[in-house]
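# Remarks on the overall topology
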Amino acid sequence: MTSLPDRPGKVICIGRNYAAHAAELNNPIPDEPLLFIKPGSCVQSLQGMRIPTDRGDVHYETELALWLDEPLDQATPEEAWAAVGGIGLALDLTLRDKQSELKNKGWPWEVAKSFNGACALGPRQALPSDLPIRFTLSLNGNTVQDGDTGLMLFSLPQLLSEMSQHFVLEKGDVILTGTPAGVGVLRVGDALNMTLNGEHYLATAVQ
Ligand code: ZN
């Protein structure tokens, strides 16, 4: 696993922030954000990312990542948005079979969501002045995910503010903002072509 030189302390994530994705996994639409955390130790570089092959299906979830340049604690949406310094693409890698097993038991998801390498992070880009932000994933030549932050159930400023009510967010922490519909199995050798606001990123999954 290639770890990043400037690895974040933690990655704070939201599940089910796009209605169409909640529906595809037969999950109800949440009335409050479903938050979870990946430790900084599970962050790897998107390019040359390694995926586990011995723990059932690994799913890709393409997400917009936000970098915090200022700490946040119980911030308003306006204060929270002002702390964002950059954006990037991330794959919230998920051991889906394991997660289903844990959900059935009513157990936490950590081993399915926070295993080593579970957050594949692309390079940081400047924060655009205009919203919404668009991103896509093409897998082996087929577009499978098409994200538009305008379709989020919880807007970016709202989401950051809500996260900061529960957790102190530190400078350098990364926020994953939820995946649009189209998640699926990621296999060794799969070629990924991703776009973020017109920038292209290529990656291949290796063992
Ligand atoms: Zn996710």
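Before reading on, note that the structure itself is shown above.
Analysis parameters
- Residues numbered from 1 in each chain as written.
- Predicted model: local features only at pLDDT ≥ 70, side-chain atom pairs only at ≥ 80, totals over all residues.
- Heavy atoms only, no water.
- Pairing = 2+ DSSP bridges.
- Helix = DSSP H or I, 4+ residues; strand = E, 2+ residues; numbered from the N terminus.
- Salt bridge = Lys/Arg side-chain N within 4 Å of Asp/Glu carboxyl O.
- Buried < 20%, exposed > 50% of the residue type's maximum accessible area, 1.4 Å probe, protein only.
- 1 Å grid on protein atoms, 1.4 Å probe; cavity = no way out; pocket = protein on both sides within 12 Å on 5 of 7 lines; lining within 4 Å.
- Points joined across faces, edges and corners; volume = space filled by probe spheres on them.
- Nonpolar A, V, L, I, M, F, W, Y, C, P; charged D, E, K, R; others polar.
- Axes fitted to C-alpha atoms, helices over the stretch in contact; angles between N-to-C directions.
- Disulfide = S-S within 2.5 Å.
- Donors = N, O, S within 2.8 Å, 3.2 Å for Na, K, Ca; no water.
- Phe/Tyr/Trp six-rings, centres within 6.5 Å; stacked < 30°, edge-to-face > 60°.
- Lys NZ or Arg CZ within 6 Å of the ring centre and 35° of its normal.
- Polar contact = N/O pair within 3.5 Å; in protein donor to acceptor, adjacent residues only side chain to side chain.
- Contact = heavy atoms within 4.5 Å.

Attention now goes to the sheet that holds strand S7 (residues 94-95). Across the sheet, which stays open at both edges, the 3 strands sit in the order S7-S4-S13 with antiparallel pairing between neighbours. Looking at strand neighbours, the two that pair on one side only are S7 and strand S13 (184-185), the edges of this open sheet. Pairing analysis gives 2 bridges linking strand S4 (residues 58-60) to S7, with the strands arranged antiparallel. Across the sheet, the residue bridging to Val58 is Leu95, located in S7.

Once that is clear, we can look at the pattern of salt bridges. On inspection of all chains with the given rule, the structure shows 10 salt bridges. Between Asp92 and Lys38 there is a salt bridge whose closest N-O contact spans 2.7 Å. Highlighted residues: Asp92 in strand S6 (residues 84-92) and Lys38 in strand S2 (residues 34-39), separated in sequence by 54 residues. In this structure Asp92 comes out as buried when scored by relative accessible area, which is 0%. Where Lys113 meets Glu61, a salt bridge forms, and the shortest distance between an N and an O atom there is 3.3 Å. Highlighted residues: Lys113 in helix H4 (residues 110-113) and Glu61 in the loop between S4 and strand S5 (62-68), separated in sequence by 52 residues. Under the relative-accessibility criterion, Lys113 is labelled buried at 4%.

For the structure on display, the rule yields 1 cavity of 30 Å³ or more. The volume enclosed by the largest cavity comes to roughly 120 Å³. Taken together, 17 residues line the largest cavity, and the ones lying closest to its centre are Gly15, Arg16, His21, Glu61 and Lys113. Contributions of two or more residues to the lining of the largest cavity are made by strand S1 (10-15) and helix H3 (96-105). If one sorts the elements of the lining of the largest cavity by residue count, H3 sits on top with 3 residues. A class-by-class count of the residues in the lining of the largest cavity yields 4 nonpolar, 6 polar and 7 charged.

This part takes up the sheet that holds strand S14 (residues 191-196). Sheet strands line up and pair through hydrogen bonds in the backbone, either parallel or antiparallel. As summarised here, the arrangement of the 4 strands in space is S11-S10-S14-S15, forming an open sheet in which the pairing is antiparallel. Sheet topology places strand S11 (142-148) and strand S15 (199-204) at the edges, where each strand pairs with a single neighbour. Direction aside, neighbouring strands of the sheet carry axes that sit 15° apart on average. Across 6 bridges, the pairing between strand S10 (residues 134-139) and S11 is antiparallel. When the sheet's bridge partners are listed, Thr136 is paired in S11 with Asp146.

Further remarks concern the state of the cysteines. By the definition in use, this model includes 0 disulfides. Cysteine Cys119 is unpaired, with the sulfur of Cys42 as its nearest cysteine sulfur at 5.8 Å. Using a relative accessible area of 0% as the deciding quantity, one classes Cys119 as buried.

What follows concerns the coordination of the zinc ion. Those protein atoms acting as donors to the zinc ion are Glu61 (OE), Glu63 (OE) and Asp92 (OD), and they sit at 1.9 to 2.1 Å. For the zinc ion, the donor residues sit on a single chain with the sequence spacing E-x1-E-x28-D. Taking relative accessible area as the criterion, Glu63 reaches 0% and is therefore assigned buried.

Going through the model one piece at a time under the given rule, you end up with 1 aromatic pair. Here the basic side chain of Lys105 rests over the ring of Trp107, its NZ or CZ set 4.2 Å away from the ring centre.

Turning to the side chain of Thr136, a few remarks are in order. One can find Thr136 in strand S10. Within the local environment of Thr136, its side chain forms a polar contact with the side chain of Thr195, the two groups lying 2.4 Å apart. If we skip the residues at most four places from it in the chain, Thr136 touches Gln145, Asp146, Asn193, Met194 and Thr195.

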